Amino acid sequence: MPHNPIRWFEIHVQDMDRAKKFYESVLQLKLEKLNAPAGEMWAFPMQKEQYGAAGSLVRIDGVASGGNSVLIYFACDDCAIEAARVSEAGGRIEQEKMSINEYGFIVLAVDTEGNTFGLHSMPADAQAGGAC
């Protein structure tokens, strides 16, 4: 496979304003409105020349949020920093920062819509060496 297997992700939400505020607060970024053919979509910042998947928050009438079996991880310099913002943004921490050995650290959290998502970071010495 000549490319990363994930091309796009969607996080389904019921209350777009609440969900946007949550992710913008926790990740300290701004979402961009997309011209969606159905429903409402707000994209996370994307860099086409970089590794990783792009994606958006999506609100479509009749499509529920939460309870899904897909888990996405947002890249962080230190996942504890973003994790500290989760509760004050209205979410909750499911799993505090934990080591996943040489693969770095993760936090599992639940957003305001009931979706579980992950935060991932590498140790500072691995980031300096370009292994992220």
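All figures in this text were calculated on a predicted structure; none of them were measured in a lab. (Residues numbered from 1 in each chain as written. Predicted model: local features only at pLDDT ≥ 70, side-chain atom pairs only at ≥ 80, totals over all residues. Heavy atoms only, no water.)

**Notes on the overall build of the protein chain**
Scanning the protein chain for helices and strands turns up 3 helices and 8 strands. Starting at the N terminus, the α and β elements of the protein chain follow one another as β-α-β-β-β-β-α-β-β-β-α. On C-alpha atoms alone, the protein chain measures out to a radius of gyration of 15 Å, which is about the 14 Å that the 2.2 N^0.38 rule sets for 132 residues. Considering the protein chain as a whole, with its 132 residues, one finds that 38% of them fall into the buried category. By sequence separation, contacts in the protein chain at least 24 residues apart represent 55% of the contacts at least 6 residues apart. Across the protein chain, the centroid of the 11 positively charged side chains sits 5 Å from that of the 18 negatively charged ones. (Helix = DSSP H or I, 4+ residues; strand = E, 2+ residues; numbered from the N terminus. Rg over C-alpha atoms; globule rule 2.2 N^0.38 Å. Buried < 20%, exposed > 50% of the residue type's maximum accessible area, 1.4 Å probe, protein only. Contact = heavy atoms within 4.5 Å. Lys, Arg positive; Asp, Glu negative; His and termini not counted. Charge placed at Lys NZ, Arg CZ, Asp CG, Glu CD.)

**So, the packing of helix α1 (residues 16–27) against helix α2 (residues 79–86)**
It is at 8 Å that the axes of α1 and α2 come closest, and there the two elements cross at 140°. Crossing handedness for the pair α1 and α2: right-handed. Here F22, S25, V26 and L27 of α1 lie close against α2, whose contacting residues are E82, R85 and V86. Looking at the contact of α1 with α2 residue by residue, the classes come out as 4 nonpolar, 1 polar and 2 charged. (Axes fitted to C-alpha atoms, helices over the stretch in contact; angles between N-to-C directions. Left-handed = near helix turned anticlockwise from the far one by under 90°. Nonpolar A, V, L, I, M, F, W, Y, C, P; charged D, E, K, R; others polar.)

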